[in-house]
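In case you want the letters, here they are:
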Amino acid sequence: MDEMTLQQLISDVRDGSVDPDDAVAQLTRLPFADVGDALVDHHRTIRQGMPEAVYGPGKSADQCVAIVGELLEHGTGPVLLTRADGAQRAACLDAHGSADEANQSMLWRRPTPTREANVLVITAGTSDLPVAHEARLTLQAHGFDPSLISDVGVSGLHRLLARIDDVTGADAVIVVAGMEGALASVIGGLTSGPVLAVPTSVGYGAGLEGITALLSMHASCASGISVVGIDNGFGAACAIARSCR
């Protein structure tokens, strides 16, 4: 939305020709900025209560620099770039300065935690950590201060039992697991809070690059588990942000 349009909208509200509720409705849809190959959404936080995120794959380094730059220059909130490759990360760091990084994702202007919910990210194995780190960084972008527990999968449940108080004390849990994905059912049977299951592409041949874990999580006998796509730590974190208002 340019300055003239905004001034006209304010003027219309002032003289009564536009109802304030109608003006708010317009503002929740506008504006976006045209940076050439992308239309950058500046009002996502107003509409969704969630910061904008930039998906790296398929974009050039220059496109990532332009989109991130637009968000940084014309906003004050956190800016998240996910799944960036080496060239994209190097170009963005050179253009926009340091960022918090995790599993190829980058976060500028990480906010001071404002969300009171106690969110736990837990992994079955060490190999699941890259996805867990993506989820954790995304949660931080949304104002959470999440905890992380790793390598407590079902091949050694005594490891999980040693942290049972952390699990039952969490308001919400993101469970990241490959192989057969059984940890999600275990956690779902232990805690009353929302459980977001993330299947990972970790596993041997019959793991089918995460499909076995995905189907297992969907077939869980622990009722109420929600499942996101394979390796989608970002999506799990966004789902938690929506549910923990």
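Our structure's up above, just so we're on the same page.
Predicted model only: the values in this text are computed from it and were never measured.

Thresholds, definitions, all that
Residues numbered from 1 in each chain as written. Predicted model: local features only at pLDDT ≥ 70, side-chain atom pairs only at ≥ 80, totals over all residues. Heavy atoms only, no water. Helix = DSSP H or I, 4+ residues; strand = E, 2+ residues; numbered from the N terminus. Buried < 20%, exposed > 50% of the residue type's maximum accessible area, 1.4 Å probe, protein only. Expected span 1.5 Å × (residues − 1). 1 Å grid on protein atoms, 1.4 Å probe; cavity = no way out; pocket = protein on both sides within 12 Å on 5 of 7 lines; lining within 4 Å. Points joined across faces, edges and corners; volume = space filled by probe spheres on them. Nonpolar A, V, L, I, M, F, W, Y, C, P; charged D, E, K, R; others polar. Pairing = 2+ DSSP bridges. Axes fitted to C-alpha atoms, helices over the stretch in contact; angles between N-to-C directions. Contact = heavy atoms within 4.5 Å. Patch = residues over 30% accessible without salt bridge, like charges linked within 9 Å, V, L, I, M, F, W, Y side chains within 5 Å. Areas by Shrake-Rupley, 256 points an atom, 1.4 Å probe, with all protein chains shown as cover. Salt bridge = Lys/Arg side-chain N within 4 Å of Asp/Glu carboxyl O. Right-handed = clockwise from strand over helix to strand, strands pointing away. Parallel < 35°, antiparallel > 145°, perpendicular 65-115°, else oblique. Left-handed = near helix turned anticlockwise from the far one by under 90°.

S.K.: I'd like a rundown of unusual backbone geometry, residues and numbers included.
M.R.: Both trends apply: most residues other than glycine have a negative phi, and most peptide bonds are in trans. A positive phi angle, close to 50°, is found at M179, a residue other than glycine. Relative to the helices and strands, M179 resides in the loop between β9 (172-177) and α9 (183-188). Residue M179 is classed as partly exposed on the basis of its relative accessible area, which comes to 38%. Phi is positive for L208, which is not a glycine, with a value near 50°. By relative accessible area, L208 is classed as partly exposed at 48%.

S.K.: Outline helix α6 (residues 129-141), listing residues and values.
M.R.: Over its 13 residues, α6 extends 18 Å from the first C-alpha to the last, a length consistent with the 18 Å expected when each residue adds 1.5 Å. By the criterion of burial, α6 is predominantly enclosed, with ten of the 13 residues buried. All of the buried residues in α6 are L129, V131, A132, E134, A135, L137, T138, L139, Q140 and A141. With its phi angle positive at about 90°, G143 sits one or two positions after the end of α6.

S.K.: Tell me about the layout of surface pockets, and please be specific about residues and values.
M.R.: The calculated volume of the largest pocket comes to roughly 330 Å³. Among the residues making up the lining of the largest pocket, the classes are represented as six nonpolar, nine polar and five charged. The wall of the second largest pocket is formed by 17 residues, among which A124, G125, G153, S155 and M179 lie closest to the centre. Its residues placed into classes, the lining of the second largest pocket shows seven nonpolar, six polar and four charged.

S.K.: Which residues make up the sheet that holds strand β4 (residues 79-82), and what values do they have?
M.R.: Within the open sheet, the four strands sit side by side as β3-β4-β6-β5. Their pairing is mixed. If you trace the sheet from one side to the other, it starts and ends with β3 (53-55) and β5 (100-102), each paired once. Averaged over all neighbouring strand pairs, the angle between strand axes comes to 15°, with direction disregarded. Where β4 lies against strand β6 (residues 105-108), three bridges are found, and the strand directions are antiparallel. Bridge pairing in β6 places L81 opposite M106. Its contacts with the sheet place helix α4 (residues 61-73) against β3, β4 and β6, and it is angled at close to 160° to β4.

S.K.: Just give me the short version of a nonpolar patch on the surface, but keep the residues and values in it.
M.R.: A cluster of nonpolar side chains, contributed by L208, I211, L215 and I230, occupies part of the molecular surface with about 340 Å² of accessible area. As for its position among the elements, I211 is in helix α10 (residues 211-218).

S.K.: Let's hear about the pairing of β9: which residues, and what values?
M.R.: The buried fraction of β9 is high, at six of six residues. Both faces of β9 are covered, namely the face carrying A172, I174 and V176 and the face carrying V173, V175 and A177. As judged from the five bridges shared by strand β7 (residues 119-123) and β9, these two strands associate in the parallel manner. Note that in β9 the partner of L120 across the bridge is V173. When β9 meets strand β10 (residues 195-199), the two strands line up parallel, connected through five bridges. Pairing of I174 across the sheet is with L196, part of β10. Chirality of the crossover, the property in question, places the unit of β9, α9 and β10 among those that are right-handed.

S.K.: Can you break down the packing of α4 against helix α5 (residues 86-96) residue by residue, with the values?
M.R.: Taken N-terminus to C-terminus, the directions of α4 and α5 make an angle of 40°; their axes are 9 Å apart at the nearest point. Taken as axis vectors, α4 and α5 run oblique relative to one another. The two elements α4 and α5 cross, and the hand of that crossing is right-handed. Residues A61, C64, V65, V68, G69 and L72 of α4 lie in contact with α5, whose contacting residues are A87, Q88, A91, C92, A95 and H96. Considering only residue class, the contact of α4 with α5 consists of nine nonpolar, three polar and no charged.

S.K.: Give me the sheet that holds β9: which residues, what numbers.
M.R.: The parallel open sheet is built from five strands, whose spatial order is β8-β7-β9-β10-β11. Only two strands of the sheet have a single neighbouring strand rather than two, namely β8 (147-149) and β11 (226-227). Packed onto the sheet, α6 meets β7, β8, β9 and β10 and runs at close to 170° relative to β7. Against the sheet, α10 engages β9, β10 and β11, with an angle of about 155° to β10.

Bear in mind that shape data such as this cannot, by itself, settle questions of function.
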